[in-house]
Amino acid sequence: MNPKAREKILKSWASLGEVQLIKEVATKGENIDLCIEYWSKKRKIPIPEYELFFHDVVQTYVQRLLIERLVYKAENVLRNVQRDVKCFYFQFANECDNAELRELLFDYMQKKATHNFEKEMQDLQLNWELLQQIQLCPEILSKYKQLHHPRISLESLVTLNTSLKQQLMAELYYNNKNQMLLNYLNKNVFWNFLVDSKNETELIRWYCAYRDMHKDEDSSSHVAVNGEDLVIMYGQWIIETPMYEYALKELKEPDEVLRNCFAIAGYFFRDERNGDPLKMIKRICTTESFEINKAHLEKVQLGSYLLDNKYYALLLQNFVSVRELEELCEEKPDDRPLLELIVDLKKNDLNEFHGFKMIVQSTSAYLEQNGIDVECEQPLATFYEFLCNEPTIASLQCFLLSNSLQIPYLNSLRQRFKNCGIEATINIPSPFEFLQKFKNINFKEICYDVNEVVSFSNERLCQKYAPKYQLNFLHYVKQHRSAYAVYYLLTNQLQHYAQITKSQLFRACESVTKLALQHMSDADLVAHCVGFIEMLGFDTQHLRCVIKLCHFIESDCIPHYEELIKKVEYKLTKQLEANNTEFPITGYQALMHIVNCNQQRYWPTEILQQYANNNDWWRILILIQYFEIPLDQIKLLKEAFESKTMGEHLLRSLSNDRPTTKRKNSICRLKKQTKTGNAQTHTSDETLTSSVVSCTDGNIWSLPSNMESLKYLLDTSDRPDIFALILLSTTSIPENLISKHMKFIEIMIDKNIYDTSTNLLKNSIKYGSPMLALLSAMVSTTNLGWCWFVWVIVSTGQWLDIAPLTHKDTNELFWHTLESTVRSGYTTTLYQSFYVFFEDNPMQQFFNFLSITQKLRDFSAETVHELRLFLLAWSNEEIELPLSIAPKKDELILRCTKLLLIHLEHNFDSSLDQQKFLNCICSSDMSDISSLLDFCLLSKVFDILQSTKNYSSLCALLNFEHLLKEGIAVYRQLLKALLAEKEFDLAVRLATLLHLPISDIIYSKWVENADNDNLKIIPLQQYENEIAEHAIPPSVLVNFFLYVASRIETNHACKYELLKNALNVIKRHHLFPNESFDRDEIEYDMVICYLHIESLKTVENLEIYHSEYFEEIMLKERCVLYKSFLELKELAGIEDLNVHSKKELSEELQSKLIELIYRLLDEGDIVEALRIQELFKCRPIDLRFVVFCMALAEGITTIFNMVPEERQLLSDIEKSSFAKFNKRTLEDSPSSIQSIIDFSDSDSTLEFEEIPSKHKRDTLETIQGIASKLKHGVDMAKRVVMVYRAAMYLDKEYLDILRTKDANVLLKSVTAEECMHRLLVVSDILNSTQMTPQEIADLLAFEIATAIVRPRFYIFNADQHSKNCFKNAELWGYNIDRDFHLFLELTSNTTKLGNCLLDYCDALKTYRKFQDNKPYEHNAVFEKLLEIIALYGLPVPTTLPTSTSNEPPQVLSHKKQNLIYVELLIKAHQCFVNECSMEGIANVLNRAKALNVILTKAKSWSLIVRMLIGIARYREMFYCFNSLIENEQFESLLGQFDKEKTVALRQAIVVYLREYCPTNSRELFKLAALHFLMHKDLAEMWEQDAQAIISNILTTAKVTDPQLLEQTSTTNLLASNSNTKTIIPKLSIGTEIITLLHNALDNYTHAAENYLLDNKLLSAQKSAYLAEMIAMQIDLATKALNKTTTPHLCVCVINVQSRDEFRDLVNIELSVPQTLILSRALGFDVNWTEAILSQYVISNKKTYLSDYLAYLDLNDGIITNIVKGYQIYLQQNKATTVMEENLAHLIEYVKSITLKYKLASILTLKGIVMSLINDHTIYYLRDTNFGRNENQNMPDI
């Protein structure tokens, strides 16, 4: 990347945050690497580490996009950062919980998929499941992150190579046992994993499962049933050799069981293989694996070792050879008898009589030498010696009867001999046959079945046990009676069949053939088998060859075909190496017969390769010709030749034969002739053997041959016999030198016989065999040049073309041959010819260069080096040509150049290869060495021609021969052809190469393109690029546009574009008018064309023509007008306009013209609008108004110069329409006015406010009125209004403000002048200069930072007021804390302002590093901060005489820096909140959290409070509360703040203390509640404390002992069952309990007081009632504590949970006052009827009634209910006198006379009844009939 571009990008990134920048580059896909490098350097971390962080941020960003359903954007971001979209989407879809989003992602992936979507999903699903398995294994996960990728994801897993993935799957399966992975495991990888993890147990299981599976067919099913899936796979996986070798290499100390398993398979570990042989022997014996480890044992000579260790039984094994034992006999004479016995045991076969006899003799001799009594200790040895003499039955009988050998299984035979005489055993076979044939018969079982002597002559036993046999022809063959076997076969077949078919005979021969192959070692039997087959008329050559080869390799069985061929060939090779003079023709002929008869056609090539390694082509040639070895096998010998060229020549000579249809071997014909003729005959074996042997004599030409036979052979053979040709060419004529080519051609055509070398050349031409030319050169080098010449012309087939060229001299013939050879493409042939015949000739490098470029298409530097070697030899004149040609140096390079051109023209299929070939020549610097032809120019021309369509036709114009003579003329002709083909671009390139003028070509190209596209013109920039590229005068382009435009009549849009392009060219190149064009006329015609365009859509899409001032200046200045009206008029050149002929415009065209002018006004090009107005004398109203606004503002005119109608139009404008130019909030704000008037709060020195003059205010209103009426050119009018208003309030000239381009200069004026409505002026300045939101944000951030930093500098003077250092300075007369919302209205994007303020926070951190002399990073914001500090922080020199030079410097402490940081964060937060920027708010909160840690360490509690209250996001900033509370600074939060902040802070404190509950939260809560007058919260807290105390009391003092509760229980007097007891809850009282009750009482009291303070009367009353209940409990506890009895128990009234408990307490324990207190506290109603009945009537508590009467009234209804209850009570209980007295006393309180009488009568209270009767009340009772008529007689009340 360009350093300037890089620096520009880094500057643009300075204002962006890290995460924001990452998102931006990821979204755009640009400068990603630069971003990573930039931030890694900035954060001082390595690039790979930061790259991971970068991708993490991008991943979070993409996930958020996907959650918002922005799938396409997410895909774009992923592709930009080179992430796999499918993997990312698949993983996200599986991880997200939203089913709808998951379905959306899968549908999207399916739409994007081209094919095999299901297959891709299956692969992804597999990898996803694999990923989940990895995440379940922490060890594998950490290993994966360490070795492969630090971020585990589906994408990293998919990109993992197959081997690593297989290894990972193996490790996962072994850890998780997931059966799903089993089907995907690779056996090699899993084996390696088990080996690497040293899991020998699994390896043993694998081997055992594999062995059991392959032991028999049923074992696999057994494993499948009883084993697990892995064991099944073990059985199916074949353990291969590399797997064993890997385990042997990696396992150092394997288990013994594993060693045994490997030994059974034939593998041993290194310590056993290379160590003590005893270990290997023990291992083999343990595993009984002798056969498979035979090769290991044979490599180690174990005979001596086994003998020394007395392992005699092992010496009988096959791995100990007989030769080794015989050598041991010589070395160790002490053990010679034993060794000889073992040798005899190994040599002889027990199944044969001779072997049996030898073994018996050796055994007996060994026993005698060792002094063993044979008859007693080894009786079998005696019996075996007897059998060796082949005794008869009689001698056997005598031996058994006369000898008492203790041999159990001979007892039955003895018994038979005793019972039967010798006559009965005459037909019994011999004893040896008896033992051989019946050794497996169980005689005991037979004897048990039959109660008779077992005998071979027993007919019944023979019928039962002996099989019936019938001899066939095979038995007679085995008896060596082949002729009789044939006779028997024929007679037998004729007995069963009418005739004998050939197939029947063939099957018989097939059986005999099998018999012969089974008994190949029996020569007599094989001979009779062969005779049998031959007598039946079948050929036995193949059988004889097979048996011969098997005997040759000493094999008793027939091996596989390829194995047989390899063994035979190997032994033949060894035999030939031992005796090179005698070729094993018989064995090789048998071998070739087998090969020819076999269909597999596996040809033996070792002997041929051996000859090829020795370059013995003669013997190879003989074998090839004799055995007709095919050409494809001969090709394999090419690489075996030590001289590769010889192999190529041989192959070429044999492959150049003429095609044959019937190919017969010539020697076979000779054999046929010798068979039919009477001449002396020789076999083919003798012929071939004599030929091969004769090669060793060194004189291959002295062979005797029959010329007539050879000629006949050559004439009748379709394929020339090389050997015959050589013999035919051999003569004794001396060599003759051929000097001229004419003589050479004459000799070649002549039929006479010449010397051997010449004859070979003639035969080479005649029979087309280049090999003969090579042989000719080997015979004699006299005519070496002509040998080379014949080799070339025969190899390339040019003889017929060369023979007629007798008129040319030798030089021409030579070059003609080379040219035709190169033209035919035989460059490799030429290279090989020089390599073979002229090895040191430099022409070899030249033709090698041609060959490599043609055949290999290799155009590398090594190829160029070959050409350079030739050029070096040419420059040194070291080149000699064949045929005694000595050309001059210039002629030679000319001829070679011509060859190069011919090669270029004919030997390449593609133009690309031709181009590469030319590049090679250019790289060799051949053009610099020779000036004949500029190959570099030719290469460039070819490069040009490759782009053409008619490449072949144009290349045909390149006459390569003329290129050497008239190169420029050829190129000019080619240029004309390109122009004729209208390939203008290529013609330009070619003309540039040839340094020819190209203006006409370019002009022709433009015209042609315009004609082809129907006069449709390409973009102007393309023309501009062309004229700049080719340095063409711009006037050519202008004339082209005018020419094309003149040809257009109806297409006005196209003509408009052409004329506009012409004007743009004139404008850009500043062309002066000439006789060819007039600018004003062109502009006038262009506008006319624009007006005649009818299509409205076309007009809207057209780009209109703009003035040079607009394009060159205004566009660069954001279309802001900095020129006055007079200057604009001068730029428009109105006074110099000159158009000769003008047309009158119709109304429609005039309206279009006005629309064009308005369009220019809207786009800001007033200069072009003024020109068009002057050209057509058309003045639209909006243009006039804009011009008039500018003139009014500049003071050129006044309102009185307006037309009356226009003034009337302005008079109708209301001031409310000025709103779009004014901001009311910035114009008249109380704070701003107060800031001006109140001089105590500002630094202003003004004593009065100057008001703008009435004239200026009227002018402003007029301009605003005109601007509000405009529909077009509004932006320019706004610019005029804002500039004029700013100039008016600043009391400056309008033009000075208008021409000032730097807004900072004007803003400084605002600060210095202290004018009215400063923020409105600032807004006008910012908006009128069209500043971007980013620029406004940078400017405001700088000013705000200045206002915050400026007052932080203070001087250490005693008279300095310390409080001023904590205030922010005013900005433009406004308090930035109170009026910050007004500053936010100055920018349209407050988020950018917030980011800029955060950048100042970062700059402040950098400044701290700068102060501490630590490394820091420069940026623009840091420079601005340094500028502020330099302006306000350094001591200011003064000129006062009283000042001294020792003034203390102003400093910025860390505390002040923290204060500035806090203020910047607060202001940035307000900016983000204004636009609800969540990212910005989160950024501020993150910074605040980090700052909180710093402030806590610095103990800046006030700054923490300031930051907390300023940001006012209390829940997100609870860490501030933590810091203050942990450091006991909670009171800092309880300061005096604004009312709004106080309410929010109070709520935050309450929420924090309630949710987070610090250790002393209650005390803090009380403190905060008292401070914020939170009486209700305090009361609730007191209540909670009281409830906690009560719970504690109940937990510790409540009686739970069942026995104690039973003892203190009370009988329920009102229950239906008199025995029912009621358990009253009790408390165990102590002084601690009473203290806790007093605390609870105090808490409820405080709660009631706080409720009253908060006017919560009901809650206060409830707390008071509860306090009364606690007081009552205290009273009960105190009384219980004063009792002397223990334990001290009292009734518990503070834990009444239900109404029944309350009822029991009231009826049994509580007094009336206590009942009332408890009722009020719990809210339960009291059933006084039950209470009085229970406590007064039944329990006889006299005071209870008096207490009740003291508090409540006793009415008649209660007494009536008491009586009813008492009656119920009497149903289960008996009444007592006390009860009746109490009832009588209670009835006395009845007020109704009748009721009293009635109740007394019911209760039989005679005293009361009599008193009523005796009293005066009797009269009333009588009147009411004793209460019966009371209701009727009572008057209505």
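This structure is a prediction, so every number in the text was calculated from the model and none was measured.

With respect to the overall build of the protein
Okay, step 1: A count of helical and extended segments in the protein gives 107 helices and four strands.
Okay, step 2: Counting the 1837 residues in the protein, one finds 48% classified as buried.
Okay, step 3: Relative to all contacts within the protein whose residues are 6 or more apart in sequence, the contacts with residues 24 or more apart total 63%.
Okay, step 4: Accessible area of the protein: about 97,000 Å², with a carbon and sulfur share of 50%.

A few points about the packing of helix α51 (residues 784–796) against helix α53 (residues 810–824)
Angle between the axes and distance between the axes: these two values describe a pair of packed helices.
Okay, step 1: Remark: α51 packs on α53, axes separated minimally by 11 Å, with the N-to-C direction vectors making an angle of 35 degrees. Handedness of the crossing formed by α51 with α53: left-handed. Here W788, F789, V792, I793 and T796 of α51 lie close against α53, whose contacting residues are L813, F814, T817, L818 and T821.
Okay, step 2: Across the contact of α51 with α53, the residue classes tally to seven nonpolar, three polar and no charged.

A closer look at the pattern of salt bridges
Okay, step 1: Across all of its chains, the model carries 24 salt bridges by this definition.
Okay, step 2: We note a salt bridge from K571 to E554, for which the minimum N-O separation is 3.9 Å. Taken together, the residues K571 in helix α38 (residues 561–578) and E554 in the loop between α37 (541–552) and α38 connect sequence positions 17 residues apart.
Okay, step 3: Note on K571: relative accessible area 29%, which makes it partly exposed.

Examining the side chain of T1406
Okay, step 1: By secondary structure assignment, the location of T1406 is in helix α86 (residues 1390–1411).
Okay, step 2: The contact partners of T1406, leaving out residues within four places of it in the chain, are Y1416, E1417 and F1422.

Observations concerning the packing of aromatic side chains
Okay, step 1: A complete count under the given rule lists 34 aromatic pairs for this structure.
Okay, step 2: Both rings, one in Y1084 and one in F1176, keep their centres 4.8 Å apart while their planes meet at 20 degrees; by these two values the pair is stacked. With Y1084 in helix α69 (residues 1079–1091) and F1176 in helix α74 (residues 1166–1176), this residue pair connects regions lying 92 residues apart in the sequence. Like F1176, Y1084 is buried.
Okay, step 3: Here the aromatic rings of Y1407 and F1410 are separated by 6.0 Å at their centres, their planes lie at 40 degrees, and the arrangement is tilted. Here the residue Y1407 and the residue F1410 both occupy positions in helix α86, the gap between them amounting to three residues, near one helical turn.
Okay, step 4: Judged by relative accessible area, Y1407 falls into the buried class, the value being 8%.
Okay, step 5: Members of the aromatic cluster, joined through ring pairs, are W788, F814, W815, F834, F838, F846, F847 and F870.
Okay, step 6: Sitting over the ring of Y484, R481 keeps its end group 4.7 Å from the ring centre.
Okay, step 7: Positioned above the aromatic ring of F552, the side-chain terminus of K571 is 5.3 Å from the ring centre.

Digging into the environment of R1118
Okay, step 1: Tracing the backbone shows R1118 in the loop between α71 (1108–1114) and α72 (1125–1132).
Okay, step 2: Using a relative accessible area of 35% as the deciding quantity, one classes R1118 as partly exposed.
Okay, step 3: The spatial distance from the C-alpha of R1118 to the C-alpha of Q1330 is 6.5 Å, given a sequence separation of 212 residues.
Okay, step 4: Sequence-distant contacts of R1118, defined by excluding residues within four places in its chain, comprise T1329, Q1330, T1332 and E1335.

Details of helix α7 (residues 99–112)
Okay, step 1: Here α7 spans 20 Å end to end across 14 residues, near enough to the 20 Å set by a 1.5 Å rise per residue.
Okay, step 2: The complete set of buried residues in α7 reads L101, L105, Y108 and M109. Relative to the axis of α7, the buried residues are bounded by an arc of 100 degrees and lie together on one face. Set apart from the buried face of α7 by more than 90 degrees, the exposed residues are E100, E103 and K111.

Focus on the environment of F1702
Okay, step 1: With respect to the secondary-structure elements, F1702 resides in helix α98 (residues 1699–1709).
Okay, step 2: Each residue touching F1702, except ones within four places of it in the same chain, is listed here: V1696, L1718, S1719, L1722, F1724, D1725 and V1726.

Notes on unusual backbone geometry
Okay, step 1: In the Ramachandran plot, N615 falls in the positive-phi region, its phi being about 60 degrees despite a non-glycine side chain.
Okay, step 2: For N615, the location among the structural elements is in the loop between α40 (606–613) and α41 (617–627).

Digging into the environment of W788
Okay, step 1: Structurally, W788 is set in helix α51.
Okay, step 2: The exposure class assigned to W788 is buried, which follows from its relative accessible area of 0%.
Okay, step 3: With 95 residues separating them along the chain, W788 and L883 place their C-alpha atoms 9.1 Å apart.
Okay, step 4: With residues near it in sequence (within four places) discarded, W788 still touches F814, L818, S833, F834, F837, F838 and P882.

A short note on the side chain of D1399
Okay, step 1: Take D1399: it is sitting in helix α86.
Okay, step 2: For the buried residue D1399, which engages in no salt bridge, the nearest side chain bearing the opposite charge is R1487, 5.6 Å off.
Okay, step 3: Setting aside its immediate chain neighbours within four residues, D1399 contacts A14, S15 and V1421.

Digging into the packing of α38 against helix α39 (residues 585–597)
Okay, step 1: It is at 11 Å that the axes of α38 and α39 come closest, and there the two elements cross at 160 degrees. Between α38 and α39, the angle is such that the two are roughly antiparallel. By crossing handedness, the relation of α38 to α39 is classed as left-handed. Mapping the contact onto sequence places Y561, I565, V568, E569 and L572 in α38 and G587, Y588, L591, I594 and V595 in α39.

As for the confidence of the model for the protein
Do not read the predicted coordinates in detail wherever pLDDT is low.
Okay, step 1: Residues of the protein with pLDDT of at least 70 account for 77%, and the chain-wide mean is 75.
Okay, step 2: For the protein, helix α45 (residues 684–694) is the element with the lowest average pLDDT, namely 33, and helix α36 (residues 523–535) is the one with the highest, namely 90.
Okay, step 3: Between residues 1216–1220, whose pLDDT stays under 50, and residues either more than four places distant or in other chains, the model counts nine contacts.

Things to note about helix α57 (residues 889–906)
Okay, step 1: Across its 18 residues, α57 extends 26 Å between first and last C-alpha, which sits within 8% of the 26 Å expected from 1.5 Å per residue.
Okay, step 2: All buried positions along α57 are accounted for by L892, I893, R895, C896, T897, L899, L900, L901, I902, H903 and L904.

Remarks on the state of the cysteines
Okay, step 1: Overall, the coordinates contain zero disulfides when judged by the stated rule.
Okay, step 2: Cysteine C922 is unpaired, with the sulfur of C936 as its nearest cysteine sulfur at 3.3 Å.

Calculation rules
Residues numbered from 1 in each chain as written. Predicted model: local features only at pLDDT ≥ 70, side-chain atom pairs only at ≥ 80, totals over all residues. Heavy atoms only, no water. Helix = DSSP H or I, 4+ residues; strand = E, 2+ residues; numbered from the N terminus. Buried < 20%, exposed > 50% of the residue type's maximum accessible area, 1.4 Å probe, protein only. Contact = heavy atoms within 4.5 Å. Areas by Shrake-Rupley, 256 points an atom, 1.4 Å probe, with all protein chains shown as cover. Axes fitted to C-alpha atoms, helices over the stretch in contact; angles between N-to-C directions. Left-handed = near helix turned anticlockwise from the far one by under 90°. Nonpolar A, V, L, I, M, F, W, Y, C, P; charged D, E, K, R; others polar. Salt bridge = Lys/Arg side-chain N within 4 Å of Asp/Glu carboxyl O. Phe/Tyr/Trp six-rings, centres within 6.5 Å; stacked < 30°, edge-to-face > 60°. Lys NZ or Arg CZ within 6 Å of the ring centre and 35° of its normal. Expected span 1.5 Å × (residues − 1). Arc of directions from axis to C-beta. Lys, Arg positive; Asp, Glu negative; His and termini not counted. Parallel < 35°, antiparallel > 145°, perpendicular 65-115°, else oblique. pLDDT = per-residue confidence, 0-100. Disulfide = S-S within 2.5 Å.

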